[in-house]
Amino acid sequence: MWNELAGGALIGIAAAILWLGIGRIGGISGVVANLFLLRQGHRSWSLYFFIGLLVAYPLYVYFVGTPDMQMTSNKMILAVAGILVGMGTYIGNGCTSGHGVCGNGRLSVRSMVATCTFMAFGMLTVLIMNNITPSFANTLGSIK
Amino acid sequence: MNHKIMKMITPLAAGIIFGLGLLLSGMTNPMKVRGFLDIFGEWQPALMAVMVAAIIIFAVAYALSNKMKQPLFHGIFHRPSLTQIDARLIAGAALFGIGWGMVGLCPGPALLNIMTGQEDILIFILALLAGNRIAHFSVGPAK
């Protein structure tokens, strides 16, 4: 609980620094789109932000320890999910950071609708995969 | 300090802090994220705190920015201009939600996890970039 609160606070602080410092919304799907050639003119801040994200990992490992990371090894599921995340965040202009943190923090109704939608579909997807097709659950690293 | 330098340092620092927050909160662990989304099963609600804390802090910063003419190191605030709730928004958020639920990775944690050196992460990232392009060329460029 405390780690989650502190981690969330750090995410909020990072988004605040980006907004108050250079007037940019800290949306990662935007950063990805900027970086990989789809949107010209926003590339440099996105690149520095991306480098920062990567640098955080060894810092965390050095000062705190190796973080837990358990994920499905089913390559088909990884590929399909990746395509859906890539398409969805591009079409919907945001993900958990741009809509979920910054948009909701701005009290944007559009972002609230987006957040409720992706949360609902995420929950539904987990429900279906874990319960209606229980054989999936093992390969997916279900919590059960 | 020179604005040019601050325009590099600001997003770099924000990226590091953002990444540390994702790691500390456990958002980078797909199994934990799927546990959070499993509200009808063995729900693990702790990740709710991540969103709440982050939103509150950003909301304060955003309110503060309404009193500022411009950001500290840049000419203008790039305020998001879209407000409409349309099929494109809903369809995009729905597709993202399905992909997020399938593996438990959203874009930030996916990028960070490149550093774990796991090949499986690269499959997800490459698929994500392909998804970006499929959307770009089929549905049209992001606004």
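Residues numbered from 1 in each chain as written. Chains lettered and ligands numbered in written order. Predicted model: local features only at pLDDT ≥ 70, side-chain atom pairs only at ≥ 80, totals over all residues.

**Observations regarding the overall build of chain B**
Put simply, the rule is: Helix and strand labels come from DSSP, where a helix needs a run of H or I of at least four residues and a strand needs a run of E of at least two; each type is numbered from the N terminus. With C-beta atoms placed from the backbone, the exposure class of a residue follows from how many other C-beta atoms lie within 10 Å of its own: 20 or more, buried; 12 or fewer, exposed; in between, partly exposed. In this description, any two residues whose backbone-derived C-beta atoms lie within 7 Å of each other are considered to be in contact.
Looking only at helices and strands, chain B features six helices and zero strands. Mapped in sequence order, the helices and strands of chain B form the string α-α-α-α-α-α. With 143 residues in all, chain B has 48% of them scored as buried. Of all intrachain contacts in chain B linking residues separated by at least 6 positions in sequence, the fraction that spans at least 24 positions is 44%.

**Examining the packing of helix α4 (residues 75–91) of chain A against helix α6 (residues 119–138) of chain B**
The geometry of a pair of packed helices is captured by two quantities: the angle between their axes and the separation between those axes. Heads up, the rule is: A fitted line through C-alpha atoms represents every axis, and for helices the fit uses only the stretch in contact; the resulting angles, taken between N-to-C directions, go from 0 to 180 degrees. Throughout this description, any angle smaller than 35 degrees is read as roughly parallel, any larger than 145 degrees as roughly antiparallel, any in the 65 to 115 degree range as roughly perpendicular, and the remainder as oblique. By definition, any crossing whose near helix is turned counterclockwise from its far helix by less than a right angle is left-handed, and any crossing with a clockwise turn is right-handed. Here the nonpolar group is Ala, Val, Leu, Ile, Met, Phe, Trp, Tyr, Cys and Pro; Asp, Glu, Lys and Arg are the charged ones; every other residue, Gly included, is treated as polar.
Where α4 of chain A meets α6 of chain B, the closest approach of the two axes is 6 Å, and the angle between their N-to-C directions is 40 degrees. Judged by the inter-axis angle, α4 of chain A sits oblique to α6 of chain B. α6 of chain B is crossed by α4 of chain A, and the crossing has right-handed handedness. Residues of the contact of α4 of chain A with α6 of chain B, tallied by class, amount to 18 nonpolar, five polar and two charged.

**Side note on the UniProt feature "transmembrane region" (unreviewed entry) in chain A**
All names here are of chain A. The condition is simple: UniProt positions are given in the numbering used here, feature names are shortened, and annotations may be inferred rather than shown by experiment.
As annotated by UniProt and renumbered to match this structure, "transmembrane region" (unreviewed entry) occupies residues 6–38, 45–64, 76–95 and 107–129. Between the end C-alpha atoms of residues 76–95 the distance is 22 Å, and the span holds 80% helix and 0% strand. Counting secondary structure, residues 107–129 comes out at 91% helix and 0% strand; the distance between its end C-alpha atoms is 33 Å.

**Quick look at the interface of chain B and chain A**
Listed as interface residues are 104 residues of chain B and, on the opposing side, 100 residues of chain A. When contributions to the side of chain B that touches chain A are tallied by element, the ones reaching two or more residues are α1 (3–25), α2 (30–37), α3 (48–65), α4 (87–103), α5 (107–112) and α6 of chain B. At 19 residues, α1 of chain B tops the list of elements feeding residues into the side of chain B that touches chain A. Taken together, the residues of the side of chain B that touches chain A break down into 70 nonpolar, 27 polar and seven charged.

**Topic: the domain arrangement of chain B**
All names here are of chain B. What counts is decided by this rule: These domain boundaries are the output of an automatic or database domain assignment.
Domain boundaries assigned for chain B yield domain 1 (1–28 + 45–79) and domain 2 (81–143). Each of domain 1 and domain 2 has a C-alpha centre, and these two points are 21 Å apart. In this assembly, seven residues from domain 1 lie in contact with five residues from domain 2. When the residues that make up the side of domain 1 that touches domain 2 are grouped by side-chain class, the tally is four nonpolar, two polar and one charged.

**Re helix α1 (residues 2–22) of chain A**
Rule in force here: What a helix is expected to span follows from its residue count: subtract one and scale by 1.5 Å.
The end-to-end C-alpha separation of α1 of chain A is 30 Å, in line with the 30 Å expected for 21 residues at 1.5 Å each. Gly23 of chain A sits one or two residues past α1 of chain A and shows a positive phi near 70 degrees.

**Digging into the packing of helix α2 (residues 28–35) of chain A against helix α3 (residues 43–63) of chain A**
Residues and elements named next belong to chain A. At their nearest, the axes of α2 and α3 sit 9 Å apart, and the two run at 120 degrees to each other. Our pair here, α2 against α3, has a crossing hand that is left-handed. For the pair α2 and α3, the contacting residues are Val31, Asn34 and Leu35 in the first and Arg43, Ser46, Leu47, Phe49 and Phe50 in the second. Considering only residue class, the contact of α2 with α3 consists of five nonpolar, two polar and one charged.

**Some points on unusual backbone geometry**
Residue and element names in this part refer to chain A. The phi dihedral of Asn93 falls on the positive side, at around 55 degrees, and the residue is not glycine. Here Asn93 shows up in the loop between α4 and α5 (98–105). C-beta crowding within 10 Å serves as the criterion here: with 24 such atoms nearby, Asn93 is assigned to the buried category. Positive phi is not limited to glycine here, since Leu107 has a value of about 60 degrees. Topologically, Leu107 is positioned in the loop between α5 and α6 (109–132). Owing to 12 C-beta atoms within 10 Å, Leu107 belongs among the exposed residues under this scheme.

**Re the nonpolar core**
Buried together is how nonpolar side chains tend to be arranged in soluble globular proteins. Put simply, the test is: The nonpolar core criterion groups buried Ala, Val, Leu, Ile, Met, Phe, Trp, Tyr and Cys residues into a set whenever they are joined through C-beta atoms within 7 Å.
With 87 residues, the main nonpolar core has Ile11, Ala14 and Ala15 of chain A together with Ile17, Ala54, Phe58 and Phe124 of chain B as its most contacted residues. By residue number, the principal contributor to this core is α1 of chain A, which donates 11 residues. Formed jointly, this core draws a minimum of three residues from each of two domains, domain 1 (1–28 + 45–79) and domain 2 (81–143) of chain B. Excluding residues within four positions of it along the chain, Phe58 of chain B makes contact with Gly12, Ala15, Ala16, Val101, Cys102 and Gly105 of chain A.

**Focus: the environment of Gly15 of chain B**
Looking at where Gly15 of chain B falls in the secondary structure, it is placed in helix α1. Of the residues examined, Gly15 of chain B has 31 C-beta atoms within 10 Å and is grouped as buried. When residues no more than four places from it in sequence are discounted, the contact partners of Gly15 of chain B are Tyr48, Phe49, Phe50, Ile51, Gly52 and Leu53 of chain A.

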